[in-house]
Amino acid sequence: MSKTNESLVEKGLLITAISSIILIALIILFIFWEGIPAMQSYGFFNFVFGMDWSPSDNQYGVFPMIIGSLAITGLSLLMAVPLGISCAIFLAEIAPNSMRQILRPTIQTLAGIPSVVYGFFGLIILVPFMRVQFGGTGFSMLTASIVLTVMILPIIVSVSEDAIRSVPYEYKEASLALGSTHWQTIKNVLFPAAIPGIITSVILGMGRAIGETLAIIMVAGNVVQIPGSIFDPVRALTSNIAIEMGYATGIHYNALFATGIVLMAMIIILLVIANYLHYKKKVTIGGGYL
Amino acid sequence: MDRIEVQDLNVYFDDLHVLKDVNLNIKNNMVTALIGPSGCGKSTFIRTLNRMNDLIDTFHKTGTVLLDEEDIYDPKVDVVDLRKRVGMVFQKPNPFPKSIFDNVAYGLQIHGITDKRMLKEKVEESLKAAALWDEVKNKLDKSAMGLSGGQQQRLCIARTIAVEPEVILMDEPCSALDPISTTKIEDLIHRLKRDYTIIIVTHNMQQATRVSKCTAFFLNGEIIESGSTDKIFIEPCDQRTEDYITGRFG
């Protein structure tokens, strides 16, 4: 009896696992099915490296948007990573217990706020502020990056904090027992030992940043161009799909799916790089034993 | 000469009374063993001597602990400096996830030694003193996590003596090790006692008799009996000590 039960549970789990894989495979297949024709008729190279996106003139070059996505993501990581890691160190090691008990759930809640709310905040508060401070329309790469920074901070903070807190207590004890100060211990022992987890937090933050759509549409200005400065408006790959899918037909419609293919490829490449760094770090600091 | 004098020490974690009126003098350049059943306060006691208990929020104490006739709990005392003078080796070998060299160099670096040649010399000296040099001299840049448990523990001892403490506290340093590694550590203790004052917590009676000159027997947070190891193991004054060392409880 228990043996049949056992195999039933195992089969059931197998089926659910397989069906989720099939689902993802089907989605990817569908995107390629719809996207490949555009790449074929317009030319793969022209599509990926083309500088002009003008569906009315049959111009489908996504290169400015690739740069746009990378630039927004890069700039927001540049702001969010130092802020997030500092905050994580503070929460894990320095904040008194009572403060931690308030701050941790607050930050975790921030991670759950829908992106449209952040976008709306950016649109109402940040865009006018930028307009007054730096001129222009206020819709810019910098504005989008700031909104994204706020959105990915909670992820980086909470995952990094977990990483720092899960460094074995013995390391901390050993370091303090040698006569090092608290800060020396954090800097030389806890932080290096937590780096694999911290890299994970950055990967997760990056994933969210590059995939974010709505909040960026609301504040980035969405002009298809390679930004000359951080105050120029930009369009991200994600925004491109969301903005135009409502009215696209024919090759234009296929080109939006092809944009999705490019986005997917880009995310995969970034993840591979990030995972490689993560793996390498693990091996070098732990000698393969961590 | 007494290196450490503990007078009427009472230690509490919240309301839990862990050490009760402990009085003990630790002699200079000698090995003192602390024995007693699990949970009797031996570890808490040695952690009081380098103020590691300060890390626990609920810790508080009464009584005095003198190191070279100075109260180590005096507000003027720099805890960081105290821990440099009173080193500690833990029960579970706990090398940092760094290279063998960096593990030993770490303590030196945080105390301001940056000169490469000087670091090299000191690391070699410490590893030799910890009887580990011959086994690791060709792989100093390899991770310490790849060493065996016994080697890791000797590395931890090397790391501790690199910063030149006056006193070394050892909290059951051999409990996680096999007999051969244990012998190596005990030999090491014999050699180190010439230069250092050593306090070792152990559950192993034979180990206490092998390495120590003085012994203190703890039971339920009190010192039942302390004195020369020979006397405690051959003719203990207290019935409870005799029961413990002959294995009738604990």
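Residues numbered from 1 in each chain as written. Chains lettered and ligands numbered in written order. Predicted model: local features only at pLDDT ≥ 70, side-chain atom pairs only at ≥ 80, totals over all residues.

Novice: Got a minute to help me understand the overall build of chain A in this structure?
Specialist: In terms of helices and strands, chain A carries 11 helices and two strands. Seen in sequence order, chain A has helices and strands lined up from the N terminus as α-α-β-β-α-α-α-α-α-α-α-α-α. Projected onto its principal axes, the C-alpha coordinates of chain A cover approximately 70 × 70 × 35 Å. Relative to all contacts within chain A whose residues are 6 or more apart in sequence, the contacts with residues 24 or more apart total 72%. (Helix = DSSP H or I, 4+ residues; strand = E, 2+ residues; numbered from the N terminus. Contact = placed C-beta atoms within 7 Å.)

Novice: Is there a simple way to explain the overall build of chain B in this structure?
Specialist: When helices and strands are tallied, chain B shows 10 helices and 10 strands. By its C-alpha atoms, chain B is 55 × 45 × 35 Å across when sized along the principal axes. Expressed as a percentage of the 250 residues in chain B, the buried residues total 48%. Across chain B, every contact between residues at least 6 apart in sequence was considered, and the portion connecting residues at least 24 apart equals 68%. (Buried ≥ 20, exposed ≤ 12 C-beta atoms within 10 Å, placed from the backbone.)

Novice: Sorry if this is basic, but what is going on with the interface of chain A and chain B here?
Specialist: Interfaces are often sized by the accessible area lost when the parts come together. Residue-level contacts link 19 residues of chain A with 23 residues of chain B. Of all the elements in the fold, those that place two or more residues in the side of chain A that touches chain B are helix 7 (169–177), helix 8 (182–211) and helix 11 (250–286) of chain A. Examining the composition of the side of chain A that touches chain B, we find that six residues originate from one element, helix 7 of chain A, more than from any other. Its residues placed into classes, the side of chain A that touches chain B shows 10 nonpolar, seven polar and two charged. (Nonpolar A, V, L, I, M, F, W, Y, C, P; charged D, E, K, R; others polar.)

Novice: Would you explain unusual backbone geometry in this entry?
Specialist: For residues other than glycine, phi is negative in most cases, and the peptide bonds are mostly trans. Residues and elements named next belong to chain B. Positive phi outside glycine occurs at Asp-8, with the angle close to 45 degrees. Tracing the sequence through the fold places Asp-8 in strand 1 (residues 2–13). Phi is positive for Glu-69, which is not a glycine, with a value near 70 degrees. Structurally, the position occupied by Glu-69 is in the loop between strand 4 (59–67) and strand 5 (70–71).

Novice: When you look at the sheet that holds strand 3 (residues 31–35) of chain B in this model, what are you seeing that I'm missing?
Specialist: The strands making up a sheet associate through hydrogen bonds between their backbones, and the pairing can be parallel or antiparallel. All names here are of chain B. As summarised here, the arrangement of the six strands in space is 6-7-8-3-9-10, forming an open sheet in which the pairing is mixed. The open sheet is flanked by strand 6 (86–89) and strand 10 (222–228), the only strands paired with a single partner. Neighbour-to-neighbour, the strand axes of this sheet turn through a mean angle of 15 degrees, independent of strand direction. As defined by bridge partners, strand 3 adjoins strand 9 (residues 214–219) across four bridges and the pair is classed as parallel. Its bridge partner lying in strand 9, Ile-35 is registered against Phe-217. (Pairing = 2+ DSSP bridges. Axes fitted to C-alpha atoms, helices over the stretch in contact; angles between N-to-C directions.)

Novice: Explain the nonpolar core to me, please; I cannot follow it from the model alone.
Specialist: Here is a general trend for soluble globular proteins: nonpolar side chains tend to be buried in one another's company. All names here are of chain A. Counting 144 residues, the largest nonpolar core has Val-147, Val-219 and Ala-220 as the members making the most contacts within it. At 16 residues, helix 6 (residues 141–165) tops the list of elements feeding residues into this core. Mapping this core onto the domain boundaries places at least three of its residues in each of domain 1 (2–47) and domain 2 (63–286). Residues in contact with Val-219, not counting those within four places in the same chain, are Gly-119, Gly-122, Leu-123, Leu-126, Val-127, Phe-139, Thr-143, Ala-144 and Val-147. (Core = buried A, V, L, I, M, F, W, Y, C linked by C-beta atoms within 7 Å. Domains from an automatic or database assignment.)

Novice: Sorry, what's going on with the environment of B:Gly87 here?
Specialist: Topologically, B:Gly87 is positioned in strand 6. In this structure the C-alpha to C-alpha distance between B:Gly87 and B:Glu124, which are 37 residues apart in sequence, comes to 19 Å. In this structure, B:Gly87 is in contact with A:Ala177, B:Thr160, B:Val163, B:Pro165, B:Ile168 and B:Leu169, ignoring residues within four places of it in sequence.

Novice: Got a minute to help me understand the packing of helix 3 (residues 63–94) of chain A against helix 8 of chain A in this structure?
Specialist: Helix-helix packing is described using two parameters, namely the angle between the two axes and the distance between the axes. Residue and element names in this part refer to chain A. The geometry of helix 3 relative to helix 8 is characterised by a closest axis approach of 9 Å and an angle of 140 degrees between their N-to-C directions. By the angle between their axes, helix 3 is oblique relative to helix 8. The way helix 3 lies across helix 8 gives a crossing that is right-handed. Where helix 3 abuts helix 8, its residues Ser-69, Thr-73, Ser-76, Leu-77, Ala-80, Val-81, Ile-85, Ile-89 and Glu-93 lie against Ile-186, Leu-190, Ile-198, Val-202, Gly-205, Met-206, Ala-209 and Ile-210. Of the residues in the contact of helix 3 with helix 8, the class split is 12 nonpolar, four polar and one charged. (Parallel < 35°, antiparallel > 145°, perpendicular 65-115°, else oblique. Left-handed = near helix turned anticlockwise from the far one by under 90°.)

Novice: Help me understand the domain arrangement of chain A in this model?
Specialist: Residues and elements named next belong to chain A. Split into domains, chain A comes out as domain 1 (2–47) and domain 2 (63–286). For domain 1 versus domain 2, the distance between C-alpha centres works out to 28 Å. Listed by partner, the interface residues are nine residues for domain 1 and seven residues for domain 2. With eight residues, helix 1 (residues 2–42) is the single largest residue contributor to the side of domain 1 that touches domain 2.

Novice: How should I be thinking about helix 6 of chain A in this particular structure?
Specialist: One full turn of an α-helix is made of 3.6 residues, so residues set three or four places apart face in the same direction. Residue and element names in this part refer to chain A. Spanning 25 residues, helix 6 covers 35 Å between terminal C-alpha atoms, matching the ideal 36 Å at 1.5 Å per step. Helix geometry: helix 6 is bent most strongly at Ile-152, by close to 35 degrees, with proline Pro-154 lying one to four residues after it. Most of helix 6 sits out of view: 23 of its 25 residues are buried. (Expected span 1.5 Å × (residues − 1). Bend = angle between axes of the 7 residues up to and from the residue.)

Novice: Honestly, the confidence of the model for chain B in this entry has me stumped. Any pointers?
Specialist: The predicted coordinates of low-pLDDT regions are not to be read in fine detail. Here chain B shows a mean pLDDT of 90. Residues at 70 or above account for 99%. Across the whole predicted complex the pTM is 0.83, and at the interface the ipTM reaches 0.89. (pLDDT = per-residue confidence, 0-100.)

Novice: Mind showing me how you'd approach the pairing of strand 1 of chain B here?
Specialist: Each regular strand shows side chains that alternate between the opposite faces of the sheet. All names here are of chain B. Taken together, the eight bridges between strand 1 and strand 2 (residues 16–27) define a ladder with antiparallel strand orientation. Paired with Val-11 across the bridge in strand 2 is Leu-19. The hairpin turn running from strand 1 into strand 2, its antiparallel successor, is two residues long, and Asp-14 in that turn takes a positive phi close to 55 degrees. Sheet analysis places strand 1 next to strand 4, joined by eight bridges and oriented antiparallel. Across the sheet, Val-6 pairs through a bridge with Val-65, a residue of strand 4.

Novice: Teacher, can you tell me more about the pairing of strand 8 (residues 197–201) of chain B here?
Specialist: Residues and elements named next belong to chain B. Judged by how many residues are buried, strand 8 sits mostly within the fold: five of five residues are covered. Here strand 3 runs beside strand 8; their pairing, made up of four bridges, is parallel. If you follow Val-31 over to strand 8, its bridge partner there is Ile-198. Bridge analysis of strand 7 (residues 167–171) against strand 8 gives five bridges, and the strand direction is parallel. Within strand 8, the position partnered with Leu-169 by the bridge is Ile-199.

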